[in-house]
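# Report on the structure
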Amino acid sequence: MHPLVALVTVLTVLLLMTTMALVGRARGRHGVKAPATQGPEGFERAFRVQMNTQESALMFLPALWAAAAFGLPWLSAAFGAAWLVARVWYVVAYLDPAGNRGPAFALSALAILALVVQALWGLAWALFLG
Amino acid sequence: MHPLVALVTVLTVLLLMTTMALVGRARGRHGVKAPATQGPEGFERAFRVQMNTQESALMFLPALWAAAAFGLPWLSAAFGAAWLVARVWYVVAYLDPAGNRGPAFALSALAILALVVQALWGLAWALFLG
Amino acid sequence: MHPLVALVTVLTVLLLMTTMALVGRARGRHGVKAPATQGPEGFERAFRVQMNTQESALMFLPALWAAAAFGLPWLSAAFGAAWLVARVWYVVAYLDPAGNRGPAFALSALAILALVVQALWGLAWALFLG
């Protein structure tokens, strides 16, 4: 594993920990005790932020590792940095009832797509043209 | 990472993206705005498809990578292809209210079990018999 | 992938399979048919156990692999074993209405943090001091 790719991986783990902690804080503030996952909108926003960050990370990390293995590790890490910025932006935008999380979501999806394209490009060379 | 294993990994990412897009489409069709995750059965089916695909991918990918590292990479990729076919079948079967998703679920679980057995077999050799 | 790290990885997959099977059993016992995810507290406890195990595994496995790549693989595997013990304890404690899942949750979070610190320590050497 390339050091920059590992750094992006560890920062992704820290982002996931942060969204988990935000749900814990929202449970306290809004009085929503586990195992309930429904409640005031403020709680549900924090809960959806965590779920959507997990959903995105589950696509992002495998794409990152495959792209780094068959493409350029530093370029994969750069797309990874873009994904991290987009997902932090997404957390802030979704927690704000007046926020617009659309652009942050789009940027994070584009970063994953760029990793998928890079991985497939490298794989085409390795499998058919090598 | 073996090229065929990376190919299965990238196709898994594309499957996850597809199930995410299907939930977005179901939100539009059934008028279920985020952060809500409850609604008409058509929406809830699309949502459960995404959740169950994520749940299965989180078991599948680590099993795939461990099996490829300690077993035969091409055999791991073949079990991976079986998992991919089973999960596409599962999506189609679960979205159809008259569909039967049982066989697709069973096939995908068998593919993961085959990877687990392959990984444990290779690990037993590496750890105790090497 | 170090054999002990792969062993922890495969045991994590088996833990995820077990929590999935426990939800299936709870669906039968409490008569909660998919796609519903709400129901009697006994069902919701089993469902939250699976969700929380997935949430933790998604942070744990990438941290484990990054720590093993840039730290000491056997130490990463030892923290991994602590995480596995903590998450099995968590399952048992959360399923029991009188149980206290707090200490198990704390231990599993500490294990992930230890892996993150180990990975960052190794990365600092690789990136800046190597």
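Residues numbered from 1 in each chain as written. Chains lettered and ligands numbered in written order. Predicted model: local features only at pLDDT ≥ 70, side-chain atom pairs only at ≥ 80, totals over all residues. Heavy atoms only, no water.

## Thoughts on the pattern of salt bridges
All names here are of chain A. Put simply, the rule reads: A carboxyl oxygen of Asp or Glu within 4 Å of a side-chain nitrogen of Lys or Arg is what we treat as a salt bridge. Under the DSSP-based scheme used, a helix requires at least four consecutive residues in state H or I and a strand at least two consecutive residues in state E, with every element numbered from the N terminus. Exposure classes here rest on a 1.4 Å probe applied to the protein chains alone. A residue is buried below 20% of its type maximum, exposed above 50%, and partly exposed in between.
Per the stated rule, a full pass over the model turns up 3 salt bridges over all chains. Residues arginine 45 and glutamate 41 are paired through a salt bridge, measuring 2.8 Å at the closest nitrogen-oxygen approach. With arginine 45 and glutamate 41 both in helix α2 (residues 41-70), this residue pair falls 4 residues apart, about one helical turn. Taking relative accessible area as the criterion, glutamate 41 reaches 45% and is therefore assigned partly exposed.

## Observations regarding the relation of the copies chain B and chain A
Definition in use: In superposing the copies, a least-squares fit is computed on C-alpha atoms, taking residues whose pLDDT is at least 70 in both. In this analysis, two residues are considered to be in contact whenever any of their non-hydrogen atoms come within 4.5 Å of each other.
Between the two copies, chain B and chain A, the superposition gives an RMSD of 0.0 Å; the rotation angle is 120° and the shift along the axis is 0.0 Å. Those values place the two copies in the arrangement expected of a three-fold rotation axis. Ranked by how close their C-alpha atoms come to the rotation axis, the residues of chain B are headed by Leu58(B), at 4.3 Å. An overlap of only 12% is found between the interface residues of chain B and their copies at the interface of chain A, pointing to separate contact surfaces.

## Let's talk about the relation of the copies chain C and chain A
Rotating chain C by 120° and moving it 0.0 Å along the rotation axis overlays it on chain A with an RMSD of 0.0 Å. Here only 12% of the interface residues in chain C have copies in chain A that are interface residues too; the copies meet through unlike faces.

## Some thoughts on the interface of chain B and chain A
For clarity, the threshold we go by: What gets called buried area is simply the loss in accessible area from a 1.4 Å probe that two parts show on being joined, summed for both. Here a polar contact is taken to be a pair of N or O atoms separated by no more than 3.5 Å, where protein atoms must pair a possible hydrogen donor with a possible acceptor and residues adjacent in sequence count only if both atoms sit in side chains.
Taken together, the contact between chain B and chain A spans 24 residues of the former and 25 residues of the latter. The junction of chain B with chain A conceals about 2100 Å² of combined surface from both sides, 82% of it contributed by carbon and sulfur atoms. For the interface between chain B and chain A, the tally reads 0 salt bridges. Linking chain B to chain A there are 1 residue pair in polar contact (both at pLDDT 80 or more). Looking at the side of chain B that touches chain A, the element that brings in the most residues is helix α1 (residues 3-30) of chain B, giving 11 residues.

## Thoughts on the UniProt feature "transmembrane region" (unreviewed entry) in chain A
All names here are of chain A. Which entries qualify depends on this criterion: UniProt positions are given in the numbering used here, feature names are shortened, and annotations may be inferred rather than shown by experiment.
The UniProt feature table records "transmembrane region" (unreviewed entry) at residues 63-92 and 104-128. Segment residues 63-92 splits into 93% helix and 0% strand. End C-alpha atoms: 24 Å apart. With 100% helix and 0% strand, residues 104-128 has end C-alpha atoms that lie 36 Å from one another.

## Looking at the interface of chain C and chain A
Chain C puts 25 residues into the contact, and the matching count from chain A is 24 residues. Summed over both sides, the interface of chain C with chain A buries roughly 2100 Å², with 82% coming from carbon and sulfur. On the chain C side of the interface with chain A, the three residues burying the most area are Arg48(C), Leu58(C) and Met59(C), jointly 27% of the side's total. Our enumeration of links across chain C and chain A arrives at 0 salt bridges.

## A look at the packing of aromatic side chains
Heads up, the condition is: Two aromatic rings, drawn from Phe, Tyr or Trp (for Trp, its six-membered ring), form a pair once their centres lie within 6.5 Å of each other, and the interplanar angle then sorts them: stacked below 30 degrees, edge-to-face above 60, tilted otherwise. In this scheme, Lys NZ or Arg CZ marks a charge over a ring once it lies within 6 Å of the ring centre and within 35 degrees of the ring normal.
As enumerated under the stated definition, the model contains 12 aromatic pairs over all chains in all. On the numbers, 5.6 Å between centres and 70° between planes, the contact of Trp65(A) with Trp65(B) is edge-to-face. On the criterion of chain membership, the pair formed by Trp65(A) in helix α2 and Trp65(B) in helix α2 (residues 41-70) is interchain, its members lying in two chains. A relative accessible area of 12% places Trp65(A) in the buried class. Taking 6.0 Å as the distance between ring centres and 20° as the angle between the ring planes, the aromatic pair formed by Phe43(B) and Phe47(B) counts as stacked. Remark: Phe47(B) and Phe43(B) occur in helix α2; sequence separation between them is 4 residues, near one turn of the helix. Ring pairing ties together the aromatic residues Trp65(A), Trp65(B) and Trp65(C), which thus form one cluster. The ring of Tyr94(B) has Arg101(B) lying over it, and the distance from NZ or CZ to the ring centre is 3.9 Å.

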